[in-house]
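Spelled out from the first residue to the last, the chains are:
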Amino acid sequence: MEGDRRPFPQLTPCPILPPGTRLASVDPAAALWPLHAPVGIAHRGDTSAGAPENTLTAFAAAREVGFTVVETDVRASADGVAVLSHDDDLRRTTGREVRVGASPWSQLAELRVRGTGGDDAVTAPLARLDEALTSFPTLTFNLDVNAEAAIGPVARAVVAAG
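Cut-off values and rules
- Residues numbered from 1 in each chain as written.
- Predicted model: local features only at pLDDT ≥ 70, side-chain atom pairs only at ≥ 80, totals over all residues.
- Heavy atoms only, no water.
- Helix = DSSP H or I, 4+ residues; strand = E, 2+ residues; numbered from the N terminus.
- Buried < 20%, exposed > 50% of the residue type's maximum accessible area, 1.4 Å probe, protein only.
- Contact = heavy atoms within 4.5 Å.
- Phe/Tyr/Trp six-rings, centres within 6.5 Å; stacked < 30°, edge-to-face > 60°.
- Right-handed = clockwise from strand over helix to strand, strands pointing away.
- Pairing = 2+ DSSP bridges.

Engineer: Residue-level account of the overall build of the protein, with values.
Structural biologist: What the protein contains, in helices and strands, is six helices and seven strands. Start at the N end of the protein and walk to the C end: the helices and strands fall as α-β-α-β-β-α-α-β-β-β-α-β-α. For the protein, with 162 residues in total, the buried portion stands at 39%. Nonlocal contacts in the protein, meaning residues at least 24 apart in sequence, comprise 56% of its contacts between residues at least 6 apart.

The following block contains the structure:
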């Protein structure tokens, strides 16, 4: 339903596997969702009201309507910062001819991601994974690592966030 902002039903959070668990020995479905209940995931955050995808604004909107799990895409900047963006080429989301993997974070930090809504679109800063994880400690993040170069930066951000 267009514009429906009713709270999303509360879902069972996904438990974290104990340290030292070998994934090869675990049934992923049983380990992550032991109740086998459906899990609603806010894809790139909640963009239904125009919030720009993969931004802190979209994650806050998802939490506001009751999501406990968000999916986000991660790439690495040229200087090894885990950056939240589905596309390496930022034309679609920022209108700028910039590539995440070819740009240092200092340049990317100046960009604003546009939401839907044409000329009146909401904008928000491009976000780093570490700031998303620390800003939303009660959300579970499903990380879609979209570039091999992002594996190390993603691992460092996750470990640093605790």
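Engineer: An account of the packing of aromatic side chains is requested, with residue identities and associated values reported.
Structural biologist: Aromatic ring pairs are defined here through the distance separating the ring centres and the angle between the ring planes. A complete count under the given rule lists two aromatic pairs for this structure. Each ring, one from F59 and one from F136, has its centre 6.2 Å from the other, and the planes form 85°; the classification is edge-to-face. Taken as a pair, F59 in helix α2 (residues 56-64) and F136 in the loop between α5 (129-135) and β7 (140-145) lie far apart in primary sequence, 77 residues in all. Taking relative accessible area as the criterion, F136 reaches 6% and is therefore assigned buried. Aromatic pair F59 and F141: ring centres 5.4 Å apart, planes at 90°, arrangement edge-to-face. With F59 in helix α2 and F141 in strand β7, this residue pair connects regions lying 82 residues apart in the sequence. Residue F59 is classed as buried on the basis of its relative accessible area of 0%.

Engineer: Hey, could you go over the pairing of strand β2 (residues 69-76) for me, with residue numbers and the actual values?
Structural biologist: Counting buried residues in β2 gives eight out of eight residues, a clear majority hidden from the surface. Burial of β2 is two-sided: the residues V69, E71, D73 and R75 facing one way and the residues V70, T72, V74 and A76 facing the other way are all buried. In this view, the connection linking strand β1 (residues 42-43) to its parallel neighbour β2 by way of α2 has right-handed handedness. Relative to β7, β2 is paired through six bridges, and the arrangement is parallel. Bridged to D73 within β7 is D144. As defined by bridge partners, β2 adjoins strand β3 (residues 82-84) across three bridges and the pair is classed as antiparallel. Among the inter-strand pairings, V74 is bridged to a residue of β3, identified as L84. Count of turn residues in the β2/β3 antiparallel hairpin: five residues, of which G80 carries a positive phi of about 80°.

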